[in-house]
Amino acid sequence: MTPFPPAAFPTTRFRRMRTSAQLRGLMRENTLTADDLIWPVFVMEGEDAEHPIASMPGVSRLTVGRVVRAAEQAAELGIPAICLFPYIEQSRKTEDCAEAWDADNLSNRAIRAIKAGVPDIAVMTDIALDPYNINGHDGYVVDGQILNDETVEALVKMALAQADAGADILGPSDMMDGRIGAIRSALETAGHSNVTILSYAAKYASAFYGPFRDAVGASGALKGDKNTYQMDPGNSDEALRLVARDIADGADMVMVKPGMPYLDICRRVKESFGVPTYAYQVSGEYAMLKGAGLNGWVDGQKVMMESLLSFKRAGCDGILTYFAPEAARLLRGG
Ligand code: PBG
């Protein structure tokens, strides 16, 4: 849309509409609400405990019971969904990643516990092999290569186990080709026709995931980088092709990840397809904002809210963010 050309000064004075909070409120184009937030949380084994993540101040891994309590608080704050990431102990990581589709693995136990205890929150999952993989990669590694089709077969098993456990939203974050179609058709066959897929469609090979890899215990395991499956940060048209492919294959929603450095991609995706579009404000983005806030270098609350609003302005329908409860509390009035 081309803006209507303004009349010359002083007929037009833009500052007139900024003179009061009321006028500014009337002309505000985008707003953030709790409804826009998906809260990623880290789950660990154990009883009634938590473990702070040094590179993500204010974020901890939680045991299943504590995740249920966190989900309750999130639901009370009006947050529509929580997204689970498991911290898998080293002894359970293998080359075949069989733990990933065990019906009683940590993640599936957490899904069941939340679904049983907190009816008013949707549960989102992560589909990728990295927490379970002795090599730290999202796919099977053979002779230094990441195998695509064999990995997709494993991801389908993982998706079905999560759907059986009661997950509402499946989040394939692995970037293998063909996984959305394979998961969608397996869900239909298994009678899970209402389970939704939020595809990590445009996921870049980013250094902003560093703190997350600490949180899920993958930093030490990962050999090499993820450049043969995650996207090159220089690309933009490729993101549109990936989104088009994933929608055609059965994704209900798509994601751009990371968030703030890729707002241009969010805008292009939303304008090109008009599908439910989400951004993941990832661990490194959280660490930068939170770290600067805690040091008093910026106003932590204000940069948090401004950063979240930027996603709405870029066209996103929602944001995965570690700030979700803090932002929802502020939106409710503190
Ligand atoms: C892995 C996965 C990653 C994140 C979500 N799922 C890391 C990676 O791809 O290495 C990153 C999230 C974050 O940084 O907050 N499947």
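**What to know about the side chain of Arg184**
So, point 1. Take Arg184: it is sitting in helix α5 (residues 179–189).
So, point 2. Assessed through its relative accessible area of 13%, Arg184 is described here as buried.
So, point 3. Excluding residues that lie within four positions of it along the chain, Arg184 makes contacts with Ser193, Val195, Thr196, Ile197, Asp249, Gly250 and Asp252.

**Quick notes on the layout of surface pockets**
So, point 1. Here the largest pocket is characterised by a volume of approximately 450 Å³.
So, point 2. Every residue lining the largest pocket is counted, 19 residues in all, and those nearest its centre are Trp39, Gly58, Leu62, Ala70 and Pro325.
So, point 3. If you list the elements that add at least two residues to the lining of the largest pocket, you get β1 (37–44), β3 (60–63), α2 (64–76) and α11 (324–331).
So, point 4. Partitioning the lining of the largest pocket into residue classes produces eleven nonpolar, three polar and five charged.

**Notes on the pattern of salt bridges**
So, point 1. This model, assessed by the stated rule, comprises 19 salt bridges.
So, point 2. Of the charged contacts, one joins Asp168 and Lys115 as a salt bridge, the two residues approaching to 2.7 Å between their closest N and O atoms. Pair noted here: Asp168 is in the loop between α4 (149–165) and β8 (169–170) and Lys115 is in helix α3 (residues 106–117), with a separation of 53 residues, a long-range link.
So, point 3. Overall, the relative accessible area of 26% leaves Asp168 in the partly exposed class.

**So, α3**
So, point 1. The end-to-end C-alpha separation of α3 is 16 Å, in line with the 16 Å expected for twelve residues at 1.5 Å each.
So, point 2. Along α3, the residues that are buried comprise Leu106, Ser107, Asn108, Ala110, Ile111 and Ile114.
So, point 3. Check the buried side of α3 and you find it contacts β1, α2, β4 (81–86), β5 (122–124) and α4.

**With respect to the nonpolar core**
Generally speaking, nonpolar side chains in soluble globular proteins are found buried as a group.
So, point 1. With 105 residues, the main nonpolar core has Phe42, Leu84, Ile114, Met124 and Tyr280 as its most contacted residues.
So, point 2. Counting residues per element, this core draws most heavily on α4, which supplies eight residues.
So, point 3. Residues contacting Met124, with those up to four places away along its chain left out, are Ile38, Ile82, Cys83, Leu84, Ile169, Gly171, Leu198, Tyr200, Met255 and Leu320.

About the cut-offs
- Residues numbered from 1 in each chain as written.
- Predicted model: local features only at pLDDT ≥ 70, side-chain atom pairs only at ≥ 80, totals over all residues.
- Heavy atoms only, no water.
- Helix = DSSP H or I, 4+ residues; strand = E, 2+ residues; numbered from the N terminus.
- Buried < 20%, exposed > 50% of the residue type's maximum accessible area, 1.4 Å probe, protein only.
- Contact = heavy atoms within 4.5 Å.
- 1 Å grid on protein atoms, 1.4 Å probe; cavity = no way out; pocket = protein on both sides within 12 Å on 5 of 7 lines; lining within 4 Å.
- Points joined across faces, edges and corners; volume = space filled by probe spheres on them.
- Nonpolar A, V, L, I, M, F, W, Y, C, P; charged D, E, K, R; others polar.
- Salt bridge = Lys/Arg side-chain N within 4 Å of Asp/Glu carboxyl O.
- Expected span 1.5 Å × (residues − 1).
- Core = buried A, V, L, I, M, F, W, Y, C linked by side-chain atoms within 4.5 Å.

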